[in-house]
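What the coordinates show
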Amino acid sequence: MFTIKMAKIKIRRCISSVCKPLITFSRRHTFGLTVFTIFTYIVMFHIPIRNVVFDSIMYKAWKKVSTPEIVKIHYIPRLHSFEVYSKLKCEIKRQPEVRRTDINQSNIKIYKTNYNIPVIYDALSRGHGNFLQFLNVSMKVDYLHLFRTLREALDRQKIVFFMTAGSILGATRHGGFIPWDDDLDFGIDFQDWREVKRTLSCIEGFNLKLFSRFHWKFRYKDRMFPCIDLFFYSRTGPYLWAMTQYISRTFIYPVEHVFPLTEVEFEGISMPMPGQGLKIARRIYDFSICAAYNNHMKRKKPWTKMYPKGYSKEEVPCRELSYLYPMTNLECDYETV
């Protein structure tokens, strides 16, 4: 009859059968294990050596972050509750104070590629078709109107937000939208998500789309495009990092580089940006390389509203595009910013 005593004996034998080979191996290879342990420690915790060993797979934004911080940020549990993604029913819709006609179009950037057939043909012949300007003046006005409406609502509730991702790159290198890009990106503190949801869901004529993983979109009620991307961040130690897993490879900012915020002119409108936005942009991106992605709205198939299969990125030195667009800060070295 099987007893508790017999069970204990079997467990001891099982543990013994597993542990004995390990103990024997460690006794015979003590020096090798010691060397391996020291090597692993140096590679994982000495940042310059780690970056050299893992250079091909290490994201640029992670190269100044310690390994424990990266592990903590990458694997920390994300909140996925029904309350976060459930649609809010508004009893009263608030009228927006900003009208589209309030947007001043005089400072909106217009480039050579805007309906200039010879310039467009020249760009295509050089293989720069993916870098042609996407947003025309009317589209930019829509974006700036969306932003003014969003800012007016969030400022009323004293909710802090700032540019992130490509919007920082656009502001510091182009003084506005990246010419071939098609969105605006902002970061908001995770602790404010309830107030953000309550505020932006109840504006007449506008809609807040609640995607999973804390990636929300603010847009017009009857249109999918244009839209403003909202990403929520949390804080771990000296870093702010994105709650959205798939942008955590770039949205990891030192707190001292973000606060206090500053205001920059973006296509004629003042927008909030991290205090050291240029340093953040250089921390994340290779400033001298211009990249175009195939997942933008301009590459959607109109009859399916689907992105092309696969995910690709085209890169060229930014100086090759100087005949199309003026750019700034290309010569500045990151370490001296």
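Residues numbered from 1 in each chain as written. Predicted model: local features only at pLDDT ≥ 70, side-chain atom pairs only at ≥ 80, totals over all residues. Heavy atoms only, no water.

**A short note on the overall build of the protein chain**
When you go through the protein chain residue by residue, the secondary structure sums to 11 helices and 11 strands. Counting across all 337 residues of the protein chain, residues that qualify as buried make up 44%. Long-range contacts, defined as pairs at least 24 residues apart, comprise 65% of the intrachain contacts of the protein chain with a sequence gap of at least 6. Within the structure as shown, the protein chain displays about 19,200 Å² of accessible surface, and the carbon and sulfur contribution to it stands at 59%. (Helix = DSSP H or I, 4+ residues; strand = E, 2+ residues; numbered from the N terminus. Buried < 20%, exposed > 50% of the residue type's maximum accessible area, 1.4 Å probe, protein only. Contact = heavy atoms within 4.5 Å. Areas by Shrake-Rupley, 256 points an atom, 1.4 Å probe, with all protein chains shown as cover.)

**Some details on the nonpolar core**
The biggest cluster of nonpolar side chains holds 86 residues, and the ones touching the most others in it are Leu 200, Phe 218 and Leu 230. Among the elements that make up this core, the one with the highest residue count is helix H7 (residues 137-156) (eight residues). Setting aside anything within four residues of it in sequence, one finds Leu 200 in contact with Leu 150, Ala 153, Leu 154, Leu 208, Phe 218 and Leu 230. (Core = buried A, V, L, I, M, F, W, Y, C linked by side-chain atoms within 4.5 Å.)

**Quick look at the pattern of salt bridges**
On inspection of all chains with the given rule, the structure shows 12 salt bridges. We note a salt bridge from Arg 223 to Asp 142, for which the minimum N-O separation is 2.9 Å. Here the residue Arg 223 occupies a position in the loop between strand S4 (215-220) and strand S5 (227-236), and Asp 142 occupies one in helix H7, the gap between them amounting to 81 residues. Its relative accessible area of 7% is what places Asp 142 among the buried residues. Linking Arg 156 and Glu 152 is a salt bridge whose minimum nitrogen-to-oxygen distance equals 2.3 Å. In this pair, Arg 156 and Glu 152 are both assigned in helix H7, four residues apart and thus about one turn of the helix distant. Within this structure, Arg 94, Glu 97, Glu 152 and Arg 156 form a network of salt bridges that share partners. (Salt bridge = Lys/Arg side-chain N within 4 Å of Asp/Glu carboxyl O.)

**Some details on the packing of aromatic side chains**
As enumerated under the stated definition, the model contains 17 aromatic pairs in all. Here Phe 131 and Trp 180 contribute two aromatic rings whose centre-to-centre distance is 5.1 Å and whose plane-to-plane angle is 80°, an arrangement assigned as edge-to-face. Pair noted here: Phe 131 is in the loop between helix H6 (117-125) and H7 and Trp 180 is in the loop between helix H8 (165-173) and strand S2 (184-189), with a separation of 49 residues, a long-range link. Trp 180 matches Phe 131 in its accessibility class, with the two residues each being buried. Its guanidinium or amino end placed over the ring of Tyr 323, Arg 126 lies 3.8 Å from that ring's centre, counting from NZ or CZ. Here the basic side chain of Arg 282 rests over the ring of Phe 287, its NZ or CZ set 4.2 Å away from the ring centre. (Phe/Tyr/Trp six-rings, centres within 6.5 Å; stacked < 30°, edge-to-face > 60°. Lys NZ or Arg CZ within 6 Å of the ring centre and 35° of its normal.)

**A look at the confidence of the model for the protein chain**
Overall, the prediction assigns the protein chain a mean pLDDT of 79, with 76% of residues at 70 or greater. Helix H1 (residues 4-28) is the least confidently modelled element of the protein chain, averaging 56 in pLDDT, while strand S1 (residues 161-163) averages 95, the highest of any element. Long-range and interchain partners of residues 297-310, a stretch whose pLDDT sits below 50, account for 24 contacts in this model, where long-range means more than four residues apart. (pLDDT = per-residue confidence, 0-100.)

**Some points on the environment of Arg 219**
Note that Arg 219 resides in strand S4. For the pair Arg 219 and Leu 150, spaced 69 residues apart in sequence, the C-alpha to C-alpha distance is 9.5 Å. Arg 219 has contacts with Leu 146, Phe 206, Asn 207, Lys 209, Met 224, Pro 226 and Cys 227, leaving out every residue within four places of it along the chain.

**Considerations on the state of the cysteines**
Counting across every chain of the model gives one disulfide. Disulfide pairing places Cys 290 opposite Cys 318 at an S-S distance of 2.2 Å. Between Cys 290 and Cys 318, the disulfide has an S-S torsion of 115° and is therefore right-handed. Highlighted residues: Cys 290 in strand S10 (residues 289-293) and Cys 318 in the segment after strand S11 (313-317), separated in sequence by 28 residues. (Disulfide = S-S within 2.5 Å.)

**Re unusual backbone geometry**
Of note, the amide linkage connecting Phe 225 to Pro 226 takes the cis form, showing an omega dihedral of 5°. Structurally, the position occupied by Pro 226 is in the loop between S4 and S5. Residue Pro 260 is bonded to the preceding Phe 259 through a cis peptide linkage, with omega at 0°. Inspection of the secondary structure puts Pro 260 in the loop between helix H10 (255-258) and strand S8 (262-266). One non-glycine residue, Ala 165, lies in positive phi territory at about 50°. With respect to the element layout, Ala 165 can be found in helix H8. With a phi angle near 55°, Glu 267 is a residue other than glycine that sits in the positive phi range.

**Here we look at empty space enclosed by the protein**
Summed over all chains, the structure comprises one cavity of 30 Å³ or more. Of the pockets and cavities examined, the largest cavity occupies roughly 40 Å³. If one sorts the elements of the lining of the largest cavity by residue count, H8 sits on top with three residues. A breakdown of the residues in the lining of the largest cavity according to their chemical character gives four nonpolar, four polar and two charged. (1 Å grid on protein atoms, 1.4 Å probe; cavity = no way out; pocket = protein on both sides within 12 Å on 5 of 7 lines; lining within 4 Å. Points joined across faces, edges and corners; volume = space filled by probe spheres on them. Nonpolar A, V, L, I, M, F, W, Y, C, P; charged D, E, K, R; others polar.)

**Here's the deal with the environment of Asp 181**
Note on placement: Asp 181 falls in the loop between H8 and S2. Since its relative accessible area comes to 10%, Asp 181 is described here as buried. On a C-alpha basis, the gap between Asp 181 and Tyr 293 in space is 8.7 Å, while along the polypeptide they are 112 residues apart.

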